[in-house]
Amino acid sequence: MIRLAQEDDIRSMMSIERAADAVFRDIGMAAIADAEPMPADALHGYQRSDRAWVDTDDLGRVVAYLLLEVLDGVPHIEQVSVHPSYAGQGKGRQLIEAVAEWAGLQGFSSLTLTTFTEVPWNAPYYARLGFEAVPASQLSPGLRHVRAHETAIGLDEWPRTAMRRALSN
Ligand SMILES: CC(C)(COP(=O)(O)OP(=O)(O)OC[C@H]1O[C@@H](n2cnc3c(N)ncnc32)[C@H](O)[C@@H]1OP(=O)(O)O)[C@@H](O)C(=O)NCCC(=O)NCCS
């Protein structure tokens, strides 16, 4: 069941990120696998402002989550992580569709994210969900800032891109 995150979901969210990112080791991106998960206080910030959604299994355990922010008036997916034991079951897609629906109902006309261009479950996957690459020359100031930060922390060791999905309201 997809629902807004609660305070006591934070610990599960951190362990999901650690487990989900481990798959990057298999494709030679150990630095991503080894990166520390987002700190609890940052996750609390998303949760307190109702910008964190989780999905649960049949027993009510949190198995996936999505974090959203609003950049220059455009909702932006900061993170989506699915525990590897539950990967490939459509949970990532359902979280993204739930947030796209929420954003459409709020009157937003697009949704953005940044991701690795060549990782099969990143940009090619988001393209199948309706996202298109945003050329560097067309980045909003907020997205430019996000991309600059990503470059500064070394993520551009592998090609990355911003992507945008138009929402039908
Ligand atoms: C990316 C992620 C959120 C997708 O969640 P999910 O619940 O597994 O996603 P879905 O079941 O909706 O779909 C998985 C898609 O990835 C593709 N995929 C997964 N692993 C793949 C692989 N090794 N090679 C090629 N494609 C792969 C599947 O084919 C599927 O695409 P399709 O439904 O269009 O066929 C999840 O895999 C994850 O948490 N990955 C690690 C962290 C990450 O990369 N997060 C995103 C960047 S912040």
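Residues numbered from 1 in each chain as written. Predicted model: local features only at pLDDT ≥ 70, side-chain atom pairs only at ≥ 80, totals over all residues. Heavy atoms only, no water.

## Digging into the sheet that holds strand 2 (residues 52-56)
Where we set the bar: Strands were regarded as paired on the criterion that DSSP finds at least two bridges between them. Per the convention used, a helix needs a DSSP run of H or I reaching at least four residues, while a strand needs a run of E reaching at least two, with both numbered from the N terminus. In this description, a line fitted to the C-alpha atoms serves as the axis of each element, helices being fitted only across the stretch in contact, and the angle between N-to-C directions of two axes falls anywhere from 0 to 180 degrees.
Taken together, the 7 strands give an open sheet; going across it, the order is 1-2-3-4-5-7-6, and neighbouring strands pair in mixed fashion. Each end of this open sheet is capped by a strand with a single partner; those strands are strand 1 (2-4) and strand 6 (132-134). Each strand of the sheet is rotated relative to its neighbour by a mean of 35 degrees, with strand direction disregarded. As defined by bridge partners, strand 1 adjoins strand 2 across 3 bridges and the pair is classed as antiparallel.

## Some details on the layout of surface pockets
Where empty space is left can be seen by rolling a probe of water-molecule size over the atoms. Spelled out, the test is: Put simply, the grid is 1 Å and covers the protein atoms alone, a cavity is a trapped set of points that fit a 1.4 Å probe, a pocket is an open set with protein on both sides within 12 Å along at least five of seven lines, and lining residues have an atom within 4 Å of a point. Grid points are joined across faces, edges and corners, and a volume is the space filled by probe spheres set on the points. Each residue gets one label: Ala, Val, Leu, Ile, Met, Phe, Trp, Tyr, Cys and Pro are nonpolar, Asp, Glu, Lys and Arg are charged, and the others, such as Gly, are polar.
The space that makes up the largest pocket amounts to roughly 1,300 Å³. Taken together, 41 residues form the lining of the largest pocket, with Asp21, Phe24, Gln79, Val80 and Ser81 sitting closest to its centre. When contributions to the lining of the largest pocket are tallied by element, the ones reaching two or more residues are helix 1 (10-21), strand 4 (74-82), helix 4 (91-105), strand 5 (110-116), helix 5 (123-128) and helix 6 (141-152). The biggest single contributor to the lining of the largest pocket is strand 4, with 7 residues. Its residues placed into classes, the lining of the largest pocket shows 21 nonpolar, 11 polar and 9 charged.

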